[in-house]
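Each chain, written out:
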Amino acid sequence: MQTQETPHKAAAPVTQKAGRVAALTPIRELPHDQIVACASFRDAVRLGWKHRADRSMTKKELAAAVGIHPPHMSIMLHRDDLDRHGKPRQDLPHRYIDDFERVVGNHAIYQWLEHKGRLLIVEELLRIQETP
Amino acid sequence: MTDDEALRIGREAAEDAQKKVGGKKNDLLKELEKQSEQHTDVAKAFNEAGRLWLQSHQETKH
């Protein structure tokens, strides 16, 4: 059964819990093969969530700890980029990355961005050289 | 590290890698992964390049 709570009332206790978990858990790196298997930023965010340090943490608790409206967090963690109308789903805004990683306890997003940066620079180099 | 510095470090690392292993994309990526493991500033530069891409991508999208 679902209970109706205001976001403000619901946020305080779960934020404290997630904050304790984050404070006690060192942020770890994930295996390289899992990072390069992510085809998109969304995949990297989902990988980070999948490997969260506190397996009992809910999306609602994550949302409260990071400071994102819970329904938006669910959208950001959805598997598909597009909704049923073909409209792009919102991704985790870049300004929340550090908080997200601190709460889930891993660097999946950081590692994927490093991989993406390498890929972009290599592709740029090869493209420039192919141009007559 | 500024955005410009990050891009400069990343591009220089890619050019150095190309001199070492040639111009095949996968060989270049593997060499740059090694460089990133050995040199924190190179790893940070690539991360910054990725962040810049994401920022630009999200600003265009929304």
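A quick note: this is a predicted structure, and the numbers were derived from the prediction, not measured.

Novice: Which residues make up the interface of chain A and chain B, and what values do they have?
Specialist: Many structure descriptions define interface size as the accessible area lost when the parts assemble. Contacts between the two partners involve 27 residues from chain A and, on the opposite side, 25 residues from chain B. A buried area of about 2400 Å², summed over both sides, lies between chain A and chain B, and 66% of it is on carbon and sulfur atoms. Contact with chain B buries area across many residues of chain A, yet His94, Arg118 and Ile121 of chain A alone supply 25% of it, more than any other trio. Taken together, chain A and chain B are joined by 3 salt bridges. The shortest N-O distance in the salt bridge between Arg51 of chain B and Asp98 of chain A comes to 3.1 Å. Counting every contact that joins chain A to chain B gives 9 residue pairs in polar contact (both at pLDDT 80 or more). When residues of the side of chain A that touches chain B are traced back to their parent elements, those giving at least two are α6 (97-104) and α7 (108-130) of chain A. Considering every element that reaches the side of chain A that touches chain B, the biggest residue donor is α7 of chain A, with 16 residues. Of the residues contributing to the side of chain A that touches chain B, the split by class is 14 nonpolar, 5 polar and 8 charged.

Here is what the cut-offs are and how they apply
Residues numbered from 1 in each chain as written. Chains lettered and ligands numbered in written order. Predicted model: local features only at pLDDT ≥ 70, side-chain atom pairs only at ≥ 80, totals over all residues. Heavy atoms only, no water. Contact = heavy atoms within 4.5 Å. Buried area = accessible area lost by both parts, 1.4 Å probe. Salt bridge = Lys/Arg side-chain N within 4 Å of Asp/Glu carboxyl O. Polar contact = N/O pair within 3.5 Å; in protein donor to acceptor, adjacent residues only side chain to side chain. Helix = DSSP H or I, 4+ residues; strand = E, 2+ residues; numbered from the N terminus. Nonpolar A, V, L, I, M, F, W, Y, C, P; charged D, E, K, R; others polar.

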